[in-house]
Amino acid sequence: MKLFRLRTLIFLALCCDLGLFSKRLIGPAANLITDLLHIPGGIATSLSLMFLVVAAVLVERPGCAAVMGAVQGGLALAFGMVGSMGALAPVGYLVPGLAIDLALAATRRTALSRRDRAVLANAIASPCAALTANALVFRLWGLPLLLYVCVSAASGAVFGLAGGELARRLAPVLGAELQDKGEAKP
């Protein structure tokens, strides 16, 4: 079994926490926008997913974002930060994590830069989160659902761009230490 180094685990845990608490911080401002559009959300979730994307892009291990999504869902449940999904919140965090892993795996051997991969992963994961929330709770149809998914994808791309820039700046500092390729060093 390949193990993560302690530094990598701490970085992943920090990204999970930053995702949860940044969602809380931006939530009121994002709610102003989504209330005007009469859609359930999507903007704060895109910011939360950005931290999962940054960690997954820097660590480059298969399944990293899915595990982080599951941990984030468990933490959200434990902290009472479940929003409208209630006890199904862990599912709402796991599905976008899987989408991030699939997007990064599909683009791993392409000519896309790290930033472009982060934008794509976040822009795919955000609508997946919106569609999961819609299937579990909201049950929107037609134009409201289309608007919800489009706002989610657009904010996912914007925060993906910010996440790609963050990953670019962190890579020289943390990149080599996080990409241990599974070798546990004493």
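Not measured: the values here are computed from a predicted model.

A.B. asks: What is the right way to read the overall build of the protein chain from this model?
C.D. replies: Looking only at helices and strands, one finds six helices and zero strands in the protein chain. Scanning the protein chain from its N terminus toward the C terminus, one meets helices and strands in the order α-α-α-α-α-α. The C-alpha atoms of the protein chain give 16 Å as radius of gyration, which agrees with the globular expectation for 186 residues (16 Å, within 12%). If you line up the protein chain on its principal axes, its C-alpha atoms span 50 × 35 × 25 Å.

A.B. asks: Hey, could you run me through the pattern of salt bridges in this one?
C.D. replies: A side chain of one charge can pair with a side chain of the opposite charge when the charged atoms of the two come close. As enumerated under the stated definition, the model contains three salt bridges in all. Between Glu165 and Arg168 there is a salt bridge; the shortest N-O distance is 2.5 Å. With Glu165 and Arg168 both in helix H6 (residues 142–178) and three residues apart, this pair spans about one turn of that helix. Judged by its relative accessible area of 26%, Glu165 is partly exposed. Via salt bridges that share partners, Glu165, Arg168 and Arg169 belong to a single interconnected network.

A.B. asks: What exactly am I supposed to notice about the environment of Ala65 here?
C.D. replies: Summarising the element assignment, Ala65 is placed in helix H3 (residues 64–79). Measuring from C-alpha to C-alpha, the distance between Ala65 and Ala55 comes to 7.6 Å, with 10 residues separating the pair along the chain. Not counting the four nearest positions on each side in its chain, Ala65 is found in contact with Leu52, Ala56, Gly97, Ile100 and Asp101.

A.B. asks: Could you clarify how one ought to interpret helix H4 (residues 89–106) in this entry?
C.D. replies: At 3.6 residues per turn, the α-helix brings residues three or four places apart onto the same side. With 18 residues, H4 should reach 26 Å at 1.5 Å per residue; the first-to-last C-alpha distance of 27 Å fits that figure. Restricting attention to buried positions, one finds in H4 the residues Ala89, Gly92, Tyr93, Pro96, Gly97, Ala99, Ile100, Asp101, Ala103 and Leu104. Among the structural elements, helix H1 (6–37), helix H2 (43–59), H3 and helix H5 (114–138) are those in contact with the buried residues of H4.

A.B. asks: Help me understand the nonpolar core in this model?
C.D. replies: Grouped burial of nonpolar side chains is what soluble globular proteins tend to show. Counting residues in hydrophobic clusters, the biggest one holds 46 residues, and the most contacted among them are Phe11, Met68 and Ile100. Elements with a contribution of two residues or more to this core: H1, H2, H3, H4, H5 and H6. At 14 residues, the largest contribution of residues to this core is made by H2.

A.B. asks: Would you explain the side chain of Ser152 in this entry?
C.D. replies: Secondary-structure assignment places Ser152 in helix H6. Apart from the residues lying within four places of it in its own chain, the contact partners of Ser152 are Gly42, Ser46, Ser126, Pro127 and Ala130.

A.B. asks: In this structure, what is going on with H1? I would like to understand it.
C.D. replies: Here H1 spans 44 Å end to end across 32 residues, near enough to the 46 Å set by a 1.5 Å rise per residue. Taking the largest bend as the criterion, H1 deviates by roughly 50 degrees, centred on Gly27, and proline Pro28 comes between one and four positions later. When H1 is considered as a whole, its buried residues turn out to be Thr8, Phe11, Leu12, Cys15, Cys16, Gly19, Leu20, Ser22, Gly27, Ala30 and Thr34. Two residues or fewer past H1, His38 is found with a positive phi of approximately 60 degrees.

A.B. asks: Would you mind going over the environment of Val137 with me for this structure?
C.D. replies: Among the structural elements, Val137 can be located in helix H5. Sequence separation between Val137 and Met85 is 52 residues, and the spatial gap between their C-alpha atoms is 6.3 Å.

A.B. asks: Which parts of the structure should I look at to understand the packing of H1 against H2?
C.D. replies: Between H1 and H2, the shortest axis-to-axis distance is 5 Å and the interhelical angle comes to 160 degrees. For the element pair H1 / H2, the angle class is roughly antiparallel. The way H1 lies across H2 gives a crossing that is right-handed. Among the residues forming the contact of H1 with H2, the class breakdown is 18 nonpolar, seven polar and one charged.

A.B. asks: It is not clear to me how unusual backbone geometry should be interpreted in this structure. Could you clarify?
C.D. replies: One can expect most non-glycine residues to show negative phi and most peptide bonds to be in trans. In the Ramachandran plot, Glu60 falls in the positive-phi region, its phi being about 55 degrees despite a non-glycine side chain. Summarising the element assignment, Glu60 is placed in the loop between H2 and H3. Residue Glu60 is classed as partly exposed on the basis of its relative accessible area, which comes to 24%.

What counts and what doesn't
Residues numbered from 1 in each chain as written. Predicted model: local features only at pLDDT ≥ 70, side-chain atom pairs only at ≥ 80, totals over all residues. Heavy atoms only, no water. Helix = DSSP H or I, 4+ residues; strand = E, 2+ residues; numbered from the N terminus. Rg over C-alpha atoms; globule rule 2.2 N^0.38 Å. Salt bridge = Lys/Arg side-chain N within 4 Å of Asp/Glu carboxyl O. Buried < 20%, exposed > 50% of the residue type's maximum accessible area, 1.4 Å probe, protein only. Contact = heavy atoms within 4.5 Å. Expected span 1.5 Å × (residues − 1). Core = buried A, V, L, I, M, F, W, Y, C linked by side-chain atoms within 4.5 Å. Bend = angle between axes of the 7 residues up to and from the residue. Axes fitted to C-alpha atoms, helices over the stretch in contact; angles between N-to-C directions. Parallel < 35°, antiparallel > 145°, perpendicular 65-115°, else oblique. Left-handed = near helix turned anticlockwise from the far one by under 90°. Nonpolar A, V, L, I, M, F, W, Y, C, P; charged D, E, K, R; others polar.

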